[in-house]
Amino acid sequence: MASMTTPRLPFLPARTRSAVAATSSSSPSSPLPRRSIKCSSSTNANSAPLPSTSRQPRAPVADGVGSADLNGLRAPPIPVADSPLPAYRDPHGLPRPLTSADLMESSGEGLKVAYQGFPGAYSEAAAKKAYPNCQTVPCEHFDTAFQAVQNWIVDRAVLPLENTLGGSIHRNYDLLLRHELHIVGEVRLAVRHCLLANRGVKIGNLRNVISHPQALAQCEHTLTELGIEHRQAVDDTAGAAKLVAEQMLQDTGAVASSLAAELYGLDILAENIQDEKVNVTRFMMLAREPIIPRVDKPFKTSIVFSLEEGPGQLFKALAVFALREINLTKVY
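Residues numbered from 1 in each chain as written. Predicted model: local features only at pLDDT ≥ 70, side-chain atom pairs only at ≥ 80, totals over all residues. Heavy atoms only, no water.

J.: Please clarify how the packing of aromatic side chains should be interpreted in this entry.
T.: Working definition: an aromatic ring pair is given by the centre-to-centre distance plus the angle between the planes. Within this structure, the stated rule accounts for 0 aromatic pairs. If you follow arginine 288 out to its NZ or CZ, it ends over the ring of tryptophan 152, 3.7 Å from the centre. (Phe/Tyr/Trp six-rings, centres within 6.5 Å; stacked < 30°, edge-to-face > 60°. Lys NZ or Arg CZ within 6 Å of the ring centre and 35° of its normal.)

Below you can see the structure in the form of structure tokens.
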């Protein structure tokens with residue numbers, strides 16, 4: 001611990017004593033007690049108390065920064081070099097904050113964007129729509145795409161949130177709570193399913209079809225009308241097309257995109273086989289840093305939070321928005 005030096009000072013000048021007495025709780029007629037000031041030193045060396053010195057006449061103040069000595073008198077000023085005021089930059093020349101419009105309008109030149117699935121997946125098409133000139137990086141699972149952004153392996157991730165037919169992808173909502181990433185935009189992709197098979201295979205030869213569970217659910221009635229009763233779920237639509245092509249399956253088809261048919265050399269036996277013609281998936285664009293939205297047009301805000309278990313917790317959470325007259329478009 002640093003040592004303490006305690007210099008003992010003489011009485012203050014008369015005008016200073018009167019000022020102290022005015023703010024003191026003691027009566028004006030009572031004498032002022034002798035006071036001392038304790039100063040802490042930053043060194044560890046021990047030093048003896050400074051002796052009292054007689055009051056010296058006030059020295060004239062020169063240009064510079066003055067300081068008070070231990071006797072309450074003004075010490076010689078410290079000379080200050082003449083330096084011009086700092087030249088501030090033009091505010092209009094400073095960089096402005098990044099907005100979501102910048103990200104939506106950016107071509108993604110030089111960006112690495114992660115998506116879930118094999119090449120040819122609908123998520124890759126969404127990534128290309130969001131960032132046309134980006135380098136897409138396929139990931140095996142949704143969690144892998146989140147970790148790729150968080151660990152600086154890629155710059156962005158484009159992952160599905162909901163589909164007009166299949167509903168919400170709850171897994172990605174759970175992952176938003178586990179990872180410290182931010183939604184910086186969204187992109188909507190019209191999903192057009194195709195029935196794919198190897199060259200020379202006809203619809204009548206198919207006994208089985210494989211695809212992602214949501215793709216199979218979205219084409220259920222159409223597949224039944226085509227006479228294909230057996231369905232097998234896999235992790236990805238493009239992965240289903242890849243499996244059919246690699247194993248040269250003759251009695252099994254895949255529900256995937258036309259891009260997957262082109263990549264894996266498959267024939268398109270039927271197009272737009274989804275039961276509902278309006279089939280749109282909404283994808284979120286994820287980044288490590290949030291953005292500052294512009295104020296010249298409305299923006300959508302998505303909030304993901306968890307609640308403690310107990311009566312009325314959901315009511316209390318929603319009341320925060322109701323009391324502030326904030327309209328909610330959807331609650332998951």
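J.: Can you walk me through the side chain of serine 211 in this structure?
T.: For serine 211, the position within the fold is in strand β11 (residues 208-211). At a separation of 2.6 Å, a polar atom in the side chain of serine 211 contacts the main-chain carbonyl oxygen of valine 255. Contacts of serine 211, omitting those with residues within four sequence positions, involve Leu216, Gln232, Ala233, Val234, Thr237, Ala240 and Val255. (Helix = DSSP H or I, 4+ residues; strand = E, 2+ residues; numbered from the N terminus. Polar contact = N/O pair within 3.5 Å; in protein donor to acceptor, adjacent residues only side chain to side chain. Contact = heavy atoms within 4.5 Å.)

J.: Would you mind going over the pattern of salt bridges with me for this structure?
T.: Where side chains of opposite charge bring their charged atoms close, a pairing between them can arise. Inspection of every chain in the model, using the stated rule, returns 6 salt bridges. Residue glutamate 186 is joined to arginine 282 by a salt bridge in which the shortest nitrogen-to-oxygen separation is 2.8 Å. Taken together, the positions of glutamate 186 in strand β9 (residues 182-190) and arginine 282 in strand β15 (residues 280-287) put the pair 96 residues apart, joining distant regions of the chain. Residues joined in a network through salt bridges with shared partners are Glu162, Glu186, Arg188, Arg282 and Lys330. (Salt bridge = Lys/Arg side-chain N within 4 Å of Asp/Glu carboxyl O.)

J.: Even after reading the chapter, I still don't get unusual backbone geometry, so can you show me in this structure?
T.: What you tend to see is this: most non-glycine residues have negative phi, and most peptide bonds are trans. Backbone geometry places methionine 248, a non-glycine residue, at a positive phi of 50 degrees. Even without being glycine, asparagine 272 reaches a positive phi, approximately 50 degrees. Tracing the backbone through its elements, the reader meets asparagine 272 in the loop between β14 (267-271) and β15. Here asparagine 272 falls in the partly exposed class, since its relative accessible area comes to 34%. (Buried < 20%, exposed > 50% of the residue type's maximum accessible area, 1.4 Å probe, protein only.)

J.: Could you clarify how one ought to interpret the sheet that holds strand β12 (residues 230-233) in this entry?
T.: Note on sheets: strands pair through backbone hydrogen bonds, and any given pair is parallel or antiparallel. Spatially, 5 strands are ordered β12-β11-β13-β10-β14 in an open sheet, and the strand pairing comes out mixed. The open sheet has two free edges, formed respectively by β12 and β14, since each of these has just one partner strand. With direction set aside, neighbouring strand axes in the sheet form an average angle of 30 degrees. Sheet analysis places β11 next to β12, joined by 4 bridges and oriented parallel. For isoleucine 210, the partnering residue across the bridge sits in β12 and is glutamine 232. Lying over the sheet, helix α8 (residues 237-246) contacts β10 (194-197), β11 and β13 (252-256), oriented at roughly 150 degrees with respect to β13. (Pairing = 2+ DSSP bridges. Axes fitted to C-alpha atoms, helices over the stretch in contact; angles between N-to-C directions.)

All quantities given are derived from atomic positions and should not be read as evidence of function.
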